[in-house]
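# A look at the structure
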Amino acid sequence: MVPVVVAAVLVGLLAAPLLRALIARFAVPEGEPWCDDCPSCGRRVRLLPPTGRCPGCRERLGAGPWTVEAVAAAVAVAVAYAADRLLVVTVALAWAAALGVVLGFVDARVRRLPYRLTVPLLGGVAALLLSAVAAAGPGAALRCLLVALTVGGVLELAVWLGALGPGDSPLGLALGGLLGWFGWSVALGGLFAATVLAGLWGTVRAAAALARRRPVRGLDLPVGPFLLLGALTAVLAR
């Protein structure tokens with residue numbers, strides 16, 4: 001098991017420079033253009049070192065130093081631990097994990113889940129699961145579809161009511177389909193874990209606001225990171 005963990009950590013660290021650049025590109029407020037170039041020197045940002053600084057002018061971009069590396073390494077180990085008997089499902093987990101790291105950081109920073117990330121996530125997971133269900137039979141396909149539509153539908157209703165942003169529903173579709181592969185209990189566990197984690201974080205934020213005598217009303221919690229953490233927790237605990 002140790003060689004697998006070491007290999008997973010190395011994969012996460014190797015992927016981190018690209019993930020950092022994607023976070024810096026998409027972590028911009030709604031309505032602003034994507035940050036393809038360094039705002040200080042104009043250099044095209046394709047990869048970023050662990051410090052998060054532009055290779056040209058040393059301006060700090062995106063996430064804090066070593067945060068992406070730590071999360072990417074931990075998520076890579078989790079994917080290795082949760083590997084399915086079908087390689088294509090493991091690839092789907094890895095695809096969701098890689099884009100999930102980017103989405104989690106972006107949503108935490110600017111409270112949005114861009115379609116430029118959620119649509120490729122949904123498309124990749126759907127294509128890979130279609131290959132998997134071809135071997136598993138119609139039962140698995142129906143379960144994945146039902147869970148995806150249920151989770152996506154609930155989140156889309158919340159979008160219509162103004163409680164969530166538009167990027168949450170495609171993320172829910174993708175994660176629902178992926179959780180559906182592992183069974184109804186795993187899917188329910190993922191939603192439960194996401195709800196509990198969001199509730200705990202909201203409680204901590206509210207307590208901190210009260211301690212500093214700031215208003216509790218209006219605390220804006222990003223939903224994406226909790227959906228992703230809940231799904232990962234449920235897959236690991238299956």
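Computed from a prediction, not measured in an experiment: that's the story for all the values here.

Each pocket or cavity is described by its volume, and for the largest pocket that value is around 580 Å³. Along the wall of the largest pocket there are 27 residues; nearest its centre are Gly 100, Gly 104, Pro 225, Leu 228 and Leu 229. Sorting the residues of the lining of the largest pocket by element identifies helix H2 (67-81), helix H3 (87-110), helix H6 (168-182), helix H7 (184-211) and helix H8 (224-237) as the ones contributing at least two each. Top element by residues in the lining of the largest pocket is H3. It accounts for eight residues. The residue inventory of the lining of the largest pocket, partitioned by class, reads 23 nonpolar, two polar and two charged.

By the element assignment, Arg 112 lies in the loop between H3 and helix H4 (115-136). Once residues lying within four places of it in the same chain are set aside, the contact partners of Arg 112 are Val 28, Pro 29, Glu 30, Gly 31, Trp 34, Val 106 and Asp 107.

Counting residues in hydrophobic clusters, the biggest one holds 54 residues, and the most contacted among them are Val 68, Leu 121, Leu 171 and Trp 181. Among the elements of the structure, helix H1 (2-26), H2, H3, H4, helix H5 (138-160), H6, H7 and H8 are those that each provide at least two residues to this core. Ranked by size, the runner-up nonpolar core spans seven residues in total, among them Ala 21, Ala 24, Cys 38 and Leu 48.

Turning next to the confidence of the model for the protein chain. For the protein chain, per-residue confidence averages 92 on the pLDDT scale, and residues scoring 70 or more make up 97% of the total. Mean pLDDT across the secondary structure elements of the protein chain bottoms out at H7, with 89, and peaks at H2, with 97.

Okay, the environment of Val 223 next. Tracing the backbone through its elements, the reader meets Val 223 in the loop between H7 and H8. A C-alpha to C-alpha distance of 7.5 Å links Val 223 and Asp 168, two positions 55 residues apart in sequence. Not counting the four nearest positions on each side in its chain, Val 223 is found in contact with Asp 107, Leu 164 and Asp 168.

With that out of the way, let us pick up the state of the cysteines. Scanning all chains against the criterion turns up zero disulfides. Unpaired in terms of disulfides, Cys 38 finds its nearest cysteine sulfur in Cys 57, a separation of 3.5 Å. What makes Cys 38 buried here is its relative accessible area of 2%. Cys 41 takes part in no disulfide bond, and the closest cysteine sulfur, belonging to Cys 54, lies 3.6 Å away.

Here is what the cut-offs are and how they apply
- Residues numbered from 1 in each chain as written.
- Predicted model: local features only at pLDDT ≥ 70, side-chain atom pairs only at ≥ 80, totals over all residues.
- Heavy atoms only, no water.
- 1 Å grid on protein atoms, 1.4 Å probe; cavity = no way out; pocket = protein on both sides within 12 Å on 5 of 7 lines; lining within 4 Å.
- Points joined across faces, edges and corners; volume = space filled by probe spheres on them.
- Helix = DSSP H or I, 4+ residues; strand = E, 2+ residues; numbered from the N terminus.
- Nonpolar A, V, L, I, M, F, W, Y, C, P; charged D, E, K, R; others polar.
- Contact = heavy atoms within 4.5 Å.
- Core = buried A, V, L, I, M, F, W, Y, C linked by side-chain atoms within 4.5 Å.
- Buried < 20%, exposed > 50% of the residue type's maximum accessible area, 1.4 Å probe, protein only.
- pLDDT = per-residue confidence, 0-100.
- Disulfide = S-S within 2.5 Å.

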